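Working through the structure, step by step
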Amino acid sequence: MQVRTDVEPLTRRFPQLGELSGVKWVGEVLTLNTVPEVPGPTDVSLDGVARLDPATLAAITANGTWRDGAIGCGVPEQIAAEVGDTAAWLHSEEFDASVTRAEYRGSFYFDRQSGRVYFCTVNPKVRTG
């Protein structure tokens, strides 16, 4: 997996996160359709870390039910150094649901101290509205 730093694919999928900077993310094909003659799904993970605008971070974490804890999904080796300590992040299942809209799996973890978000998703959808 190659580490990517482009923002546009993320903002199209996660507009709730606002303006992102310092982005490091990886995408990985999880399953391949092994019978090319028969159309079938291909699952893709998208995991990464980014810095948020302080006002956006404050607004996101001011609402909903948040709990302190560790990042609950594995951090890919390629970005582990960027993420650092995975033990002290905020997480809200309500926020996850507001982003994923039950259309895909995804979790979002926030670190108020560093102003960052860590996301781990499978098959994230591009938002059209």
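This report concerns the structure included in the present document. (Residues numbered from 1 in each chain as written. Predicted model: local features only at pLDDT ≥ 70, side-chain atom pairs only at ≥ 80, totals over all residues. Heavy atoms only, no water.)

**Overview of the pairing of strand β5 (residues 105-111)**
Rules: Burial classes: relative accessible area under 20% of the type maximum marks a residue as buried, over 50% as exposed, and values in between as partly exposed (1.4 Å probe, protein chains only). Put simply, DSSP marks the helices as runs of H or I at least four residues long and the strands as runs of E at least two long, and each gets a number from the N terminus on. Two strands pair if DSSP finds at least two bridges between them.
Of all seven residues in β5, six are buried; the element is thus mostly enclosed. Pairing analysis gives two bridges linking strand β4 (residues 89-91) to β5, with the strands arranged antiparallel. Bridge pairing in β5 links H91 to Y109. Taken together, the seven bridges between β5 and strand β6 (residues 116-122) define a ladder with antiparallel strand orientation. By the bridge assignment, S107 is partnered in β6 with C120. Turn length for the β5-β6 hairpin, with the two strands adjacent in sequence and antiparallel, is four residues, and the turn residue G115 shows positive phi of about 70°.

**Some thoughts on the side chain of R13**
For clarity, the cut-off: Charged-residue counts in this description rest on Lys and Arg as positive and Asp and Glu as negative, His and the chain ends being excluded. One side-chain nitrogen of Lys or Arg within 4 Å of one carboxyl oxygen of Asp or Glu is enough to make a salt bridge. Whenever two N or O atoms come within 3.5 Å, that pair is a polar contact, provided that in protein one can donate a hydrogen and the other can accept it, and provided that, for residues adjacent in sequence, both atoms are side-chain atoms. For this analysis, residues touch if any pair of their heavy atoms sits within 4.5 Å.
As for its position among the elements, R13 is in helix α1 (residues 8-13). The side chain of R13 is buried and forms no salt bridge, while E8, the nearest opposite charge, is found at 6.2 Å. Among the polar contacts listed, one links the side chain of R13 to the backbone oxygen of P9, at a separation of 2.9 Å. Beyond its immediate stretch of four places on either side in the chain, R13 contacts L46, Y104, P124, K125, V126 and R127.

**Description of the state of the cysteines**
So the rule is basically this: Pairs of cysteine sulfur atoms within 2.5 Å are identified as disulfides in what follows.
For the structure shown, the criterion picks out one disulfide. Linked covalently through their sulfurs, C73 and C120 form a disulfide whose S-S length is 1.9 Å. For the disulfide bridge between C73 and C120, the dihedral angle about the S-S bond is near -90°, and by the sign convention the bridge is left-handed. Here C73, found in the loop between β3 (67-69) and α3 (80-83), pairs with C120, found in strand β6; they are 47 residues apart in sequence, far enough to count as distant.

**Focus on the sheet that holds strand β2 (residues 44-52)**
Convention followed: Every angle, taken between N-to-C directions, lies between 0 and 180 degrees, and every axis is a line fitted to C-alpha atoms, over only the stretch in contact when it is a helix.
Taken in spatial order, the six strands of this open sheet run β1-β2-β6-β5-β4-β3, and their pairing is antiparallel. Pairing within the sheet leaves two strands with one partner each, and these edge strands are β1 (20-29) and β3. Strand-to-strand twist in this sheet, taken as the mean axis angle between neighbours without regard to direction, amounts to 25°. Across the sheet, helix α2 (residues 54-62) is in contact with β2, β4 and β5; its angle to β5 comes to roughly 115°.

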